[in-house]
Amino acid sequence: MKLSTTLLKLFLILSFIMLMGCDQDENFEELAPYRSYTALLSQQGAEDPVATVLENTSNLTIIWSRIGAGKYLGTLSQPINMDKSTLLVSTPPTHAIMRIRFNNPTEIYLEAIQGINAYTDNYTSVSLEFKEYK
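Residues numbered from 1 in each chain as written. Predicted model: local features only at pLDDT ≥ 70, side-chain atom pairs only at ≥ 80, totals over all residues. Heavy atoms only, no water.

Q: How would you summarise unusual backbone geometry if you had to cite specific residues and measurements?
A: Despite not being glycine, N59 shows a phi value in the positive range, around 60°. Following the sequence through the fold, N59 ends up in the loop between β2 (50–56) and β3 (62–68). By relative accessible area, which is 62% here, N59 ends up exposed. With a phi angle near 75°, N122 is a residue other than glycine that sits in the positive phi range. (Helix = DSSP H or I, 4+ residues; strand = E, 2+ residues; numbered from the N terminus. Buried < 20%, exposed > 50% of the residue type's maximum accessible area, 1.4 Å probe, protein only.)

Q: Tell me about the packing of aromatic side chains, residues and numbers included.
A: One pass over the structure, following the stated rule, counts three aromatic pairs. When the centroid spacing of 5.8 Å and the interplanar angle of 80° are considered together, the rings of Y72 and Y123 count as edge-to-face. Of this pair, Y72 sits in strand β4 (residues 71–76) while Y123 is found in strand β8 (residues 123–133), placing the two residues 51 residues apart along the sequence. The two residues Y72 and Y123 agree in class, both being buried. Geometry around Y119 places K71 over its ring, the cationic atom sitting 4.3 Å from the centre. The aromatic ring of Y34 is capped on one face by K131, whose charged end is 4.4 Å from the ring centroid. (Phe/Tyr/Trp six-rings, centres within 6.5 Å; stacked < 30°, edge-to-face > 60°. Lys NZ or Arg CZ within 6 Å of the ring centre and 35° of its normal.)

Q: Tell me about the nonpolar core, and please be specific about residues and values.
A: Membership of the largest hydrophobic core comes to 20 residues, with the highest contact counts inside it found for W64, I108, L110, Y123 and L128. Top element by residues in this core is β8. It accounts for four residues. Setting aside chain neighbours within four positions, we find W64 in contact with L41, D48, P49, A51, Y72, L73, G74, I108, L110 and L128. (Core = buried A, V, L, I, M, F, W, Y, C linked by side-chain atoms within 4.5 Å. Contact = heavy atoms within 4.5 Å.)

Q: Mind laying out the sheet that holds β2, listing which residues take part and the relevant values?
A: Taken in spatial order, the four strands of this open sheet run β2-β1-β8-β5, and their pairing is antiparallel. The two strands at the open ends of the sheet, each matched to only one other strand, are β2 and β5 (85–89). Geometrically, the sheet is characterised by an average inter-axis angle of 15° between neighbouring strands, direction not taken into account. Bridge count for strand β1 (residues 34–43) against β8 is nine bridges, and the pairing is antiparallel. Bridging from a neighbouring strand, Q43 pairs with Y123 of β8. (Pairing = 2+ DSSP bridges. Axes fitted to C-alpha atoms, helices over the stretch in contact; angles between N-to-C directions.)

As structure tokens, then:
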């Protein structure tokens, strides 16, 4: 019993010493294997989509424009590495599908579709998530 108590105390002391030696400036964003941008998109009528940014560890700004009914272009403030990036979007109950893709390292193309070749506007709280892996 005495040996196990001594080993436990030694383990705790060594763990504490290791924690004290860690760089205090490191945070979760620096340790994560990716940088991310997460936002909720809303769009009404002939207006451009509006993004409510929930998280942005990628230091990106995305400017959205409506280029036609149900078709939108997001222009990125800086180029991304498309070979190490993912892009996800949700579909609201008012639409059959939301389709998204990278056009190039500085552009995202988004479509809101309701039926076959029927592009339509007007949606709220569509989630958009971009991740660029290191």
